[in-house]
Amino acid sequence: MPACPCCTDAFPHRASRGHGRRGLMAAMAGLAATAAGLTPARAASSLPPTTLTPDQALDRLMQGHRRFLAQAAQPGPGNLERRAILATGQAPFAAVLGCADSRATPEVLFQAGLGEIFVARNAGNLADTGAIGSLEYAVANLGVPLIMVLGHQHCGAAGAAVALAQQPLSLPVHLRDMLLPMLPAALAALRAGGDVVEGTVRANVAMNVARLLAESPVLASAAAAGRLKVVGGHYALDTQQVSAIA
Ligand SMILES: [Zn+2]
């Protein structure tokens, strides 16, 4: 089973940019196939899955790392001097709770270098225990003054939550547990009508902004004291724009 639903063809955002009924049906079919331990049928996509073997993928990762090492001597925010300073500590100016989707990388979207933003990611940018604990550390220990919960257009996790809300599905336990907190957002979007996946993305961001403050006394007290702001953001893949939504 793939580690990240946003990166598989079992989910709709690569197959259907409009997230119409075809996309949802594809999501549901993919989920059912995944649950059955089968390889989901590949939907039409302009980006076929990688053909690299696991060893080739590891080689490619490490080739990238060697480029990172080679760049250390060059001027810029990631240079050798900066890296030496970061070896002694970190003082990021913001934190992002983002989706694990490979197209919504916060450091790239915000052009942030090493040590600049503190990032917690999971499929669906959910304020789960790991994310809340990570962000509590960022605020309480590192003095981060801003958290952005960043959702994005064509989110596979949101599409899967909509499929789950529409029809009971037998899912692997971790995938099911991961998606359950998104169901209220999916149900709200279904009631509202229109583009239900996009509606789910936006409702989910707002719910997780609220959840961070409701479930974490650390974050809530920092916000009440004016030391922290928690905002919602949305990355539109079609226009490459990040905008505030909550
Ligand atoms: Zn996503």
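Quick caveat: nothing in here was measured; it's all calculated off a predicted structure. (Residues numbered from 1 in each chain as written. Predicted model: local features only at pLDDT ≥ 70, side-chain atom pairs only at ≥ 80, totals over all residues. Heavy atoms only, no water.)

Caption draft 1: Examining the overall build of the protein chain more closely. Each helix and strand counted, the protein chain has 10 helices and five strands in total. For the protein chain, restricting intrachain contacts to residue pairs at least 6 apart in sequence, the fraction spanning at least 24 positions comes to 67%. Accessible surface, the protein chain as shown: approximately 12700 Å² in total, 58% of it carbon and sulfur. (Helix = DSSP H or I, 4+ residues; strand = E, 2+ residues; numbered from the N terminus. Contact = heavy atoms within 4.5 Å. Areas by Shrake-Rupley, 256 points an atom, 1.4 Å probe, with all protein chains shown as cover.)

Caption draft 2: Local environment of the pattern of salt bridges. Enumeration according to the criterion identifies three salt bridges in this entry. In this structure, the salt-bridge partner of Asp 177 is Arg 176, at a minimum N-O distance of 2.9 Å. Taking the relative accessible area as the measure of exposure, Asp 177 reaches 39% and is therefore partly exposed. Exposure remark for Arg 176: the relative accessible area of 36% places this residue in the partly exposed category. (Salt bridge = Lys/Arg side-chain N within 4 Å of Asp/Glu carboxyl O. Buried < 20%, exposed > 50% of the residue type's maximum accessible area, 1.4 Å probe, protein only.)

Caption draft 3: Broad picture of the coordination of the zinc ion. Within the protein, the zinc ion binds to Cys 99 (SG), His 152 (NE2) and Cys 155 (SG); these donor distances fall in the range 2.1 to 2.3 Å. Positions of the donor residues of the zinc ion along the chain correspond to the pattern C-x52-H-x2-C. Separated by 56 residues along the polypeptide, Cys 99 in strand 1 (residues 94–99) and Cys 155 in the loop between strand 3 (146–152) and helix 6 (156–166) bring together distant segments of the chain. Each member of the pair, Cys 99 together with Cys 155, is buried. (Donors = N, O, S within 2.8 Å, 3.2 Å for Na, K, Ca; no water.)

Caption draft 4: Region of the structure containing the pairing of strand 5 (residues 241–244). The pairing of strand 4 (residues 229–236) with strand 5 spans four bridges and is antiparallel. Across the sheet, residue Ala 236 finds its bridge partner in strand 5, namely Gln 241. In this antiparallel pair of consecutive strands, strand 4 and strand 5, the connection spans four residues, and Gln 240 shows a positive phi of 65 degrees. (Pairing = 2+ DSSP bridges.)

Caption draft 5: Focus on unusual backbone geometry. Look at Gln 111: it is not a glycine, yet its phi comes out positive at around 50 degrees. Relative to the assigned elements, Gln 111 resides in the loop between helix 4 (106–109) and strand 2 (117–122). We note that Gln 240 has phi near 65 degrees; this positive angle belongs to a residue other than glycine. Along the chain, the position of Gln 240 falls in the loop between strand 4 and strand 5. According to the relative accessible area criterion, Gln 240 is exposed, its value standing at 56%.

Caption draft 6: Spotlight on the packing of helix 6 against helix 8 (residues 183–192). Interaxial distance between helix 6 and helix 8 falls to 9 Å at its minimum, and their mutual angle equals 75 degrees. On the basis of the axis angle, helix 6 is roughly perpendicular to helix 8. Packed against helix 6, whose contacting residues are Ala 161, Val 162, Leu 164, Ala 165 and Gln 166, the element helix 8 presents Leu 183, Ala 186, Leu 187 and Leu 190 at the interface. (Axes fitted to C-alpha atoms, helices over the stretch in contact; angles between N-to-C directions. Parallel < 35°, antiparallel > 145°, perpendicular 65-115°, else oblique.)

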